[in-house]
Amino acid sequence: MFREKRELRIPGPTPVPPQALRALSRPLMGHRTEEFSSILMRTTERLKRILGTKADVYTFASSGTGAMEAAVANTVSASDKVIVVVGGKFGERWSELCRAFGAEVEEIVVEPGKAVDPAAVEQALKAAPETRAVFITQNETSTGVEHDVESVARIVRDTDALLIVDAVSSLGAIEMRMDDWGVDIVAAGSQKALMLPPGLAVIGVSEKAWSVIEKCRSPRYYFDLIACRKNMDKETTPFTPAVSMFYALDQTTAMIEEEGLENVYRRHQDMRDMIRAAARATGLELFASDEVASRTITAIRGDSTFDVEKLRKRLATVYNIEVAGGQSELKGVIFRIGHMGYMDRIDMVSTWAAVELALNDLGRPIEIGAGVKAAMEVMSKCEF
Ligand SMILES: *Cc1c(COP(=O)(O)O)cnc(C)c1O
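What counts as what
Residues numbered from 1 in each chain as written. Predicted model: local features only at pLDDT ≥ 70, side-chain atom pairs only at ≥ 80, totals over all residues. Heavy atoms only, no water. Helix = DSSP H or I, 4+ residues; strand = E, 2+ residues; numbered from the N terminus. Rg over C-alpha atoms; globule rule 2.2 N^0.38 Å. Buried < 20%, exposed > 50% of the residue type's maximum accessible area, 1.4 Å probe, protein only. Contact = heavy atoms within 4.5 Å. Areas by Shrake-Rupley, 256 points an atom, 1.4 Å probe, with all protein chains shown as cover. Pairing = 2+ DSSP bridges. Core = buried A, V, L, I, M, F, W, Y, C linked by side-chain atoms within 4.5 Å. Salt bridge = Lys/Arg side-chain N within 4 Å of Asp/Glu carboxyl O. 1 Å grid on protein atoms, 1.4 Å probe; cavity = no way out; pocket = protein on both sides within 12 Å on 5 of 7 lines; lining within 4 Å. Points joined across faces, edges and corners; volume = space filled by probe spheres on them. Nonpolar A, V, L, I, M, F, W, Y, C, P; charged D, E, K, R; others polar. Axes fitted to C-alpha atoms, helices over the stretch in contact; angles between N-to-C directions.

Q: Sorry if this is basic, but what is going on with the overall build of the protein chain here?
A: Check the secondary structure of the protein chain and you find 14 helices and 14 strands. A globule of 384 residues ought to have a C-alpha radius of gyration of about 21 Å, and the protein chain, at 21 Å, matches this closely. Its C-alpha atoms give the protein chain principal-axis dimensions of roughly 60 × 55 × 35 Å. Put simply, the protein chain has 384 residues, and 58% of those count as buried. Excluding contacts between residues fewer than 6 apart, the proportion of contacts in the protein chain whose partners are at least 24 apart in sequence is 71%. Per element, the accessible surface of the protein chain, about 16,000 Å² overall, is 50% carbon and sulfur.

Q: How do you make sense of the pairing of strand β12 (residues 297-301) when you look at a structure like this?
A: Where a strand is regular, its side chains alternate between the two sheet faces. With respect to burial, β12 is a largely interior element, four of its five residues being buried. Pairing analysis gives two bridges linking strand β11 (residues 285-286) to β12, with the strands arranged antiparallel. Paired with Glu285 across the strands is Arg301, a residue of β12. In this sheet, strand β14 (residues 334-338) lies alongside β12 in antiparallel orientation, the contact comprising five bridges. The residue of β14 that forms the bridge with Ala299 is Arg336.

Q: Looking at this structure, I do not really get the nonpolar core. What am I missing?
A: Generally speaking, nonpolar side chains in soluble globular proteins are found buried as a group. Counting 87 residues, the largest nonpolar core has Phe135, Leu163, Met176, Val183 and Ile203 as its most contacted members. At eight residues, helix α10 (residues 243-259) tops the list of elements feeding residues into this core. Leaving out residues up to four positions away in the same chain, Met176 has contacts with Ile50, Leu51, Gly52, Gln138, Val165, Ala167, Leu171, Trp181, Val183, Val186 and Tyr265.

Q: I keep staring at the pattern of salt bridges and nothing clicks. Help me out?
A: Side chains that differ in sign of charge can pair as their charged atoms come close. Tallying each qualifying case throughout the model produces 31 salt bridges. Arg49 is the salt-bridge partner of Glu257, the closest N and O atoms lying 2.8 Å from each other. Placement of the pair is Glu257 in helix α10 and Arg49 in helix α2 (residues 34-51), with a sequence separation of 208 residues. Among the ionic pairs, Glu92 bridges to Lys89, the shortest N-O distance being 3.6 Å. Here Glu92 pairs with Lys89, and both are found in helix α4 (residues 89-100), just three residues apart, close to one helical turn. Taking relative accessible area as the criterion, Glu92 reaches 28% and is therefore assigned partly exposed. Taking the relative accessible area as the measure of exposure, Lys89 reaches 29% and is therefore partly exposed. If you follow the salt bridges from partner to partner, you end up with Lys5, Glu7 and Arg9 in one network.

Q: Any chance you could explain empty space enclosed by the protein here in plain terms?
A: Rolled over the atoms, a probe as big as a water molecule pinpoints where empty space is left. In total, this model carries two cavities of 30 Å³ or more according to the counting rule given. Counted as a void, the largest cavity has a volume near 90 Å³. Lining of the largest cavity is provided by Thr59, Phe60, Ala61, Leu200, Tyr222, Cys228, Thr237, Pro238, Phe239, Thr240, Pro241 and Ala242. Of the residues belonging to the lining of the largest cavity, the class tally is nine nonpolar, three polar and no charged. Quantified by volume, the second largest cavity comes out at close to 60 Å³.

Q: For this particular structure, what's the right way to read the layout of surface pockets?
A: If you add up the space inside the largest pocket, you get close to 320 Å³. As for the largest pocket, its lining consists of 20 residues, of which Glu146, Ile174, Glu175, Trp181 and Arg295 are closest to the centre. Mapped by element, the contributors of at least two residues to the lining of the largest pocket are α6 (149-156) and α11 (261-281). The element contributing the most residues to the lining of the largest pocket is α11, with five residues.

Q: Help me understand the sheet that holds strand β3 (residues 81-86), please; the structure alone is not making it clear to me.
A: Strand pairing within a sheet occurs via backbone hydrogen bonds; the two strands may be parallel or antiparallel. Taken in spatial order, the seven strands line up as β2-β10-β9-β8-β5-β3-β4 in an open sheet, and their pairing is mixed. Both outer strands of the open sheet, β2 (56-60) and β4 (104-109), are each paired with one neighbouring strand and no more. Taken over all neighbouring pairs, the strand axes of this sheet differ in orientation by 20° on average, direction set aside. The pairing of strand β8 (residues 162-166) with strand β9 (residues 185-189) spans three bridges and is classified as parallel. Counted as the bridge partner of Ile164 is Ile185 from β9. Strands in contact with helix α8 (residues 207-215) are β2, β8, β9 and β10 (201-205); relative to β10, the strand with the most contacts, it is inclined by about 100°.

Q: For this particular structure, what's the right way to read unusual backbone geometry?
A: Residues apart from glycine generally show negative phi values, whereas peptide bonds are mostly found in trans. Note the cis peptide between Gly12 and Pro13, where omega equals -5°. The residue Pro13 is located in the loop between β1 (7-9) and α1 (18-24) in this model. Its identity as a non-glycine residue notwithstanding, Met195 has a phi of 65°, on the positive side. If you trace the backbone, Met195 turns up in the loop between β9 and β10. Looking at Met195, the relative accessible area reads 4%, which means it is buried. A positive phi angle, near 60°, is found at Glu235, a position not held by glycine. Checked against the element boundaries, Glu235 lands in the loop between α9 (225-232) and α10. Taking the relative accessible area as the measure of exposure, Glu235 reaches 39% and is therefore partly exposed.

Any functional reading would require information that these geometric values do not contain.
What follows is the structure, given as structure tokens:
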């Protein structure tokens, strides 16, 4: 077997397409040049289309959490009241970040595997009209659940509060329409559906957000959005950008434009439907219900017939397929199959074939091919 061959079915890093890998090996250029400015402006325009905004988009040389920190550092001042939707590890991250900046955090706790009821956000906002911002995770990677950002935005947009969304594991795979929906800040990262290595964070900022950012008293330096805006006016960045990552971003954003956003979204939805059909046909239990199931990652429960950690190990060592385990309380309880970024429907067939073989290797009684057949049946009805 080829040791270096890894099929990444984890929620980041995800496979990077060859044209992006080639771009990463290109000789470096100075970043205060017209040539780099044109790459910066072109990729920023494409990111705006992916975010569904005509407002502002910036990047940082950091992982996705850098964009999340920038969102908090620029909008939340000490003792501000914020509401955070917490349905898993990444919702918790928003709470931790807000507390680090001295905010008074009101959590709307959602049972793992469930999505938030927008009415709960409405109630929390009515009870605390002084709320500075509502934080939510578009795709809760730890449980494989999508929260309905559009419905929550409909509630928040009519208040003084900002709506701040973690779209790290959804941007470029699940629709985001910042302007139409009324989302104020979106944080994203490069190593998920944007098909790049880790190291570039993306942040979208609405007009409404600027009025809060300009008054925010929290200390910030590297992550200062006002510095980003001043520099973007001059077609540059405050600090040295990750030049090579921009070469690669130029490639992957062009790929997304060529495929077309609607087709990109449909591909992710189809991959989700294939994996869910396959899991069911194999007799496995899905962690999230159909209505809220993530289009980029599927969480599947283990049961008494097999050990999920042994399954993951077998998939990685024998079949070169990496899937994720559960985090915290869900460790050993679920395994998660990432289907985001540079992969296609047919890849789900081989992914599931490996899951079936690995289960069989572990001695779980299974009908080999039942899940693969179900996935193929879903695929045969896909339009692409
Ligand atoms: C991956 C991920 C992040 C960010 O993680 P980094 O390791 O900082 O890139 C944030 N939110 C969600 C929902 C994620 O899936």
